[in-house]
Amino acid sequence: MPKPYFGKQPLPEYKPSDAVRDALKAWQDALELEEKTRHAARKALAEELKADRDLPYAAVAAHPLVPWTEATLRIIGTEYGVPPRQPNKAKQPPAKNA
C-alpha cells in the first residue's frame, strides 16, 4: 500500500556542529590536495613521454606504479601535447653498410 501524501512537509532547520564543520573542511582540503597532486603526476608522466618519443604508452601503463590505463595515458598525452607514438615502427639497430 502506498504511503499517503499530505503535501510537502517543512523540514526542520539543520545546524551542523563544530565537529561536523571541521570534518567536512578537512575532507574538502584533502580533495583539493588530491586534485593538485593528481595533476602534477599526470604532467610528470606527460613530460617523460615527451622526452622519449620511442616510449610506448603501453609500457608506461604496464608499470605497477602507474595507476592509469593506456587509454587514459593517451588522453593525458593529448592534454599535454605529447607527440604521437609510432607503435608499428620497431627500434632496429643501424643498418650495416655491406
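Right, let's walk through the structure included here. A quick note: this is a predicted structure, and the numbers were derived from the prediction, not measured.

Let us look at the side chain of Arg85. If you trace the backbone, Arg85 turns up in the segment after helix H3 (70-79). For Arg85, the side chain forms a polar contact with the main-chain oxygen of Leu55, separated by 2.9 Å. Within the structure, the side chain of Arg85 is placed 3.2 Å from the backbone oxygen of Pro83, a separation counted as a polar contact. Among all residues touching Arg85, those that are not within four sequence positions of it are Leu49, Lys50, Asp52, Arg53, Asp54, Leu55, Pro56 and Tyr57.

In this section: the packing of helix H1 (residues 18-51) against H3. In contact at an axis separation of 9 Å, H1 and H3 are set at 85 degrees when each is read in the N-to-C sense. Between H1 and H3, the crossing angle belongs to the class labelled roughly perpendicular. In this structure, H1 contributes Arg42, Leu45 and Ala46 to the contact, and H3 contributes Thr72, Leu73, Ile76 and Glu79.

With that settled, the discussion passes to the pattern of salt bridges. Under the defined criterion, the tally for this structure stands at 6 salt bridges. Here Arg38 makes a salt bridge to Glu35, at a shortest N to O gap of 3.0 Å. You can see Arg38 and its partner Glu35 sitting in helix H1, 3 residues apart, about one turn around the helix. A residue is classified by how much of its surface remains accessible, and Glu35, at 34% relative accessible area, is partly exposed. Of the charged contacts, one joins Arg42 and Glu79 as a salt bridge, the two residues approaching to 2.7 Å between their closest N and O atoms. Of this pair, Arg42 sits in helix H1 while Glu79 sits in helix H3, placing them 37 residues apart in sequence.

Cut-offs and rules
- Residues numbered from 1 in each chain as written.
- Predicted model: local features only at pLDDT ≥ 70, side-chain atom pairs only at ≥ 80, totals over all residues.
- Heavy atoms only, no water.
- Helix = DSSP H or I, 4+ residues; strand = E, 2+ residues; numbered from the N terminus.
- Polar contact = N/O pair within 3.5 Å; in protein donor to acceptor, adjacent residues only side chain to side chain.
- Contact = heavy atoms within 4.5 Å.
- Axes fitted to C-alpha atoms, helices over the stretch in contact; angles between N-to-C directions.
- Parallel < 35°, antiparallel > 145°, perpendicular 65-115°, else oblique.
- Salt bridge = Lys/Arg side-chain N within 4 Å of Asp/Glu carboxyl O.
- Buried < 20%, exposed > 50% of the residue type's maximum accessible area, 1.4 Å probe, protein only.

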